[in-house]
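# Fold and geometry: a report
Listed here are the chains, written in short residue letters.
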Amino acid sequence: MRGNEVIAEAAIQAGCRFYAGYPITPQNEIPEYMSWRMPEVGGIFIQAESELAAINMVYGASAAGMRAMTSSSSPGISLKQETISYLAGAELPAVIVNMQRGGPGLGNISGSQSDYFQAVKGGGHGDYKMIVFAPYSLQELWNLTKLAFDKADEYRTPVMILGDGVIGQMMEPFIPTPCIKSGLPEKDWILDGCKDREPRVVKSLYMGDGELGMRNNILQEKYKTMKRKEVRYESYYAEDAEVLVVAFGVVARIVLSSVIKLRHEGFKVGLFRPVTLFPFPEKEIFMLSGDNRRFITVEMNAGQMVEDVRLSINGRSEVFFYGRPGGSIITPEEVRDKILLLLNHQPYLVKTDFNKWDI
Amino acid sequence: MAKILKLRELSKKDVLISAGHRMCAGCGAPTVVKMVLMASDYPVIAANSTGCLEVSTCISDYTAWKIPWIHSAFENAAATISGVETMYRALKKQGKIDREIKFIAFGGDGGTYDIGLQSLSGAMERGHDMLYICYDNGAYMNTGIQRSSATPFGADTTTRPAGSAVPGKTEQRKNLTRIMAAHDIPYVAQASPSHWMDLMKKVRKALEIKGPKFMNILSPCNRGWRSRTDDSIMLSRLAVETCHWPLYEVENGVTKITFRPKQKRPVEDFLRPQGRFKHLFKPENEWIIKKSQEDIDREWEKLQKEEALFAS
């Protein structure tokens, strides 16, 4: 199974019975898989006439109480932003998969991480956040897809799985662990006909005096709870590392192989891997920072997550950046070179010379 | 009025889309583009929506287009060319340009029938002086043969796979040419590369008319149709001769059939050479062929009636 098919099957196992999609490379295996798999389990597959249509179908299905999902790749996700904001505003659960490709514009079709900002900072309008998972293996893809549906329902929020073209096309062994029932209470807000009960309202329009402000406060409280309870990360050899690399998704795999090699050679290096990009493991990264430790963020973009790392560290350590934008893969050798540079206390920096922090 | 086409003269004209592009062997799209550009006596500026034609003709630093060419996203070739055409009109008004330039947008069926319909409709309604050409190969071929609303009834695609439960696409093909005709624009036509003279005449006619024009051109795709690469033109001819793809035009609301097959062939002749319809020849799917034939007959009947209405 390829990564894309793993997502599709995991969604089915998690009880997703509504999928709307639209063709775009490199995620076509998801709609293709869903097109024959959904009818088998009595679910619904729709190929919409555009990305906008697909996400709005998800909005409708979710309001009616279905576990619903859509998927796309970067340019298509850009088109979905409006409704993602609506989903957050109307507090509707949904799972959105972004198998990122190189941008901006039409870009190319190889794997990239350049939609980090769009995913975690709110690509659409308004003060909203969504939980963003960054899987780095097929096992994690399997587990997190299932978790995404539970978290979406638990918080009544859109959840994004931020993969990339590499992980979507990749094959490797994984254990398709059975799905455990989430034990969430029944949805008491869905719109399924109000015969013999009070009508319910699902909306994101609040025109009354102060109404929208209150609404926003409720949302912000929810995001605070997420920050408290939903942070996920993994760290490797972090305790005594002199250089600590921060990377997510497929880049973390590449970095990990260089880190393990360097450890065998006796160098004190480590890796910190955020699994949730929102909520970001701010506290955990802060706790690891200090004078005797240098950080470097490695990303397949021109430097996005590095900003969150710097904010978390708040000046307690130097944070460097190495990246490759435009959908090109970083090699373990490149990462090794950069780590060795930092271990040798190069480059020597004037703290205000911000241009030189990218190495 | 443009001069009458002569093959001898055409053969001397520059081919404005060069060889070396990465379209598949047997693809109909570059043939269509070649004919369209060859038909024009004027300089042409083209817009292209995302799709096979776009990605395969502008690989990294190269372009196969020998004319000014612009690509924006998937859903908005019509809007993009609207902007270019408007700028041209503004420059003309200011006296900064005096040449007569024609504007053509190319889009596949995904980018025209589906995601681009809104922008196309808008451009037609605003009345830009442009020609929109849809090269219709009946699915999202660029991303791997997913169904589109142009996919014929019963065809096998990757998101509507034919199997024991579902016999391929069970929805009707959207009749885009009629939708465009309903915009009451000056010129709408349907063409096929097999009938090249008809196709080029239509393009020339369209380019002489001021205002928005639309042409729907059948474009065989051997990958998606699951046919031999050297069968493309034959298949587009069969589409015409079976009346699956009737050749007609609607000029100022007047319908005219431009090619009438001597003998209308059964739809099976068009379906049989294509792998995407293979499953239809199983006994349990006979009804699909029957229905396809009925739909074709009805549409053909309708077109003839419309034509007769204006002839009288």
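It should be emphasised that the depicted structure is a prediction, and the values quoted were computed from it without experimental measurement.

### Some points on the domain arrangement of chain A
Residue and element names in this part refer to chain A.
- Domain annotation for chain A reports domain 1 (3-192 + 216-229) and domain 2 (233-358).
- The centre of domain 1, based on its C-alpha atoms, is set 28 Å off from the matching centre of domain 2.
- Each side of the interface is counted separately: domain 1 has 32 residues, and domain 2 has 30 residues.
- Summed over both sides, the interface of domain 1 with domain 2 buries roughly 2,500 Å², with 57% coming from carbon and sulfur.
- Three residues, Gln-113, Tyr-116 and Tyr-136, lead the burial of domain 1 against domain 2; their summed loss comes to 33% of the area buried on that side.
- At the boundary of domain 1 and domain 2, one finds 4 salt bridges.
- In this structure, Lys-121 engages Asp-308 in a salt bridge whose closest nitrogen and oxygen atoms are separated by 2.6 Å.
- Summed over the shared surface of domain 1 and domain 2, the number is 17 residue pairs in polar contact (both at pLDDT 80 or more).
- Elements supplying a minimum of two residues to the side of domain 1 that touches domain 2: helix H5 (116-120), strand S5 (131-133), helix H6 (138-155), strand S6 (158-164) and helix H8 (211-229).
- Its residues assigned to classes, the side of domain 1 that touches domain 2 shows 16 nonpolar, 9 polar and 7 charged.

### Structural notes on helix H2 (residues 29-40) of chain A
Residue and element names in this part refer to chain A.
- Taking 1.5 Å as the rise per residue, H2 with 12 residues should run 16 Å; its terminal C-alpha atoms sit 17 Å apart, in good agreement.
- Along H2, 9 of the 12 residues are buried, which leaves the element largely enclosed by surrounding structure.
- Taken together, the buried positions of H2 are occupied by Glu-29, Ile-30, Pro-31, Glu-32, Tyr-33, Met-34, Ser-35, Arg-37 and Met-38.
- Looking at the buried side of H2, the elements it contacts are helix H1 (3-13), strand S1 (18-21), strand S2 (44-47), strand S3 (68-72), strand S4 (94-100) and helix H7 (165-169).

### Section: the pairing of strand S5 (residues 187-191) of chain B
All names here are of chain B.
- Across the 5 residues of S5, 5 count as buried, placing the element largely inside the fold.
- The alternating pattern of S5 places Tyr-187, Ala-189 and Ala-191 and Val-188 and Gln-190 on opposite faces, both of which are buried.
- Summarising the sheet, S5 and strand S6 (residues 212-218) pair through 5 bridges and their orientation is parallel. When the sheet's bridge partners are listed, Gln-190 is paired in S6 with Asn-216.
- Bridge analysis of S5 against strand S7 (residues 248-251) gives 4 bridges, and the strand direction is antiparallel. Of the residues in S7, the one forming a bridge with Gln-190 is Tyr-248.

### Digging into the packing of aromatic side chains
Residues and elements named next belong to chain A.
- All chains considered together, the criterion is met by 17 aromatic pairs over all chains.
- Between Tyr-19 and Phe-45, the aromatic rings sit 6.0 Å apart at their centres with planes inclined by 5 degrees, giving stacked as the arrangement. Of the two residues, Tyr-19 is situated in strand S1 and Phe-45 in strand S2; the sequence distance between them amounts to 26 residues. Judged on exposure class, the residue Tyr-19 and its partner Phe-45 are both buried.

### Considering the interface of chain A and chain B
- Between chain A and chain B, the residue contacts involve 16 residues of the former and 17 residues of the latter.
- For the pairing of chain A and chain B, the buried interface totals around 1,200 Å² over both sides, and the portion due to carbon and sulfur atoms is 61%.
- Run the count over chain A and chain B and you get 9 residue pairs in polar contact (both at pLDDT 80 or more).
- With 4 residues, H2 of chain A is the single largest residue contributor to the side of chain A that touches chain B.
- In terms of residue class, the side of chain A that touches chain B is made up of 8 nonpolar, 5 polar and 3 charged.

### Examining the environment of Gly-124 of chain A
Residue and element names in this part refer to chain A.
- Here Gly-124 lies in the loop between H5 and S5.
- According to the relative accessible area criterion, Gly-124 is buried, its value standing at 17%.
- Through-space distance from the C-alpha of Gly-124 to that of Ile-84 is 6.8 Å; in sequence the pair is 40 residues apart.

### Observations regarding a nonpolar patch on the surface
All names here are of chain B.
- Taken together, the side chains of Val-254, Leu-309 and Phe-310 present a nonpolar region at the surface, about 270 Å² in accessible area.
- Examined against the element boundaries, Leu-309 turns out to sit in helix H12 (residues 286-311).
- Residue classification places Leu-309 among the exposed residues on the basis of a relative accessible area of 58%.

### Side note on unusual backbone geometry
Residue and element names in this part refer to chain A.
- Residue Pro-104 is bonded to the preceding Gly-103 through a cis peptide linkage, with omega at -5 degrees.
- Each neighbour pair has its own omega, and for Phe-278 with Pro-279 the value is -10 degrees, a cis peptide bond.
- Position of Pro-279 relative to the elements: it lies in the loop between strand S10 (276-278) and helix H10 (282-288).
- Positive phi, normally seen in glycine, also occurs at Arg-156, with a value near 50 degrees.
- One can find Arg-156 in the loop between H6 and S6.

Conventions used here
- Residues numbered from 1 in each chain as written.
- Chains lettered and ligands numbered in written order.
- Predicted model: local features only at pLDDT ≥ 70, side-chain atom pairs only at ≥ 80, totals over all residues.
- Heavy atoms only, no water.
- Domains from an automatic or database assignment.
- Contact = heavy atoms within 4.5 Å.
- Buried area = accessible area lost by both parts, 1.4 Å probe.
- Salt bridge = Lys/Arg side-chain N within 4 Å of Asp/Glu carboxyl O.
- Polar contact = N/O pair within 3.5 Å; in protein donor to acceptor, adjacent residues only side chain to side chain.
- Helix = DSSP H or I, 4+ residues; strand = E, 2+ residues; numbered from the N terminus.
- Nonpolar A, V, L, I, M, F, W, Y, C, P; charged D, E, K, R; others polar.
- Expected span 1.5 Å × (residues − 1).
- Buried < 20%, exposed > 50% of the residue type's maximum accessible area, 1.4 Å probe, protein only.
- Pairing = 2+ DSSP bridges.
- Phe/Tyr/Trp six-rings, centres within 6.5 Å; stacked < 30°, edge-to-face > 60°.
- Patch = residues over 30% accessible without salt bridge, like charges linked within 9 Å, V, L, I, M, F, W, Y side chains within 5 Å.
- Areas by Shrake-Rupley, 256 points an atom, 1.4 Å probe, with all protein chains shown as cover.

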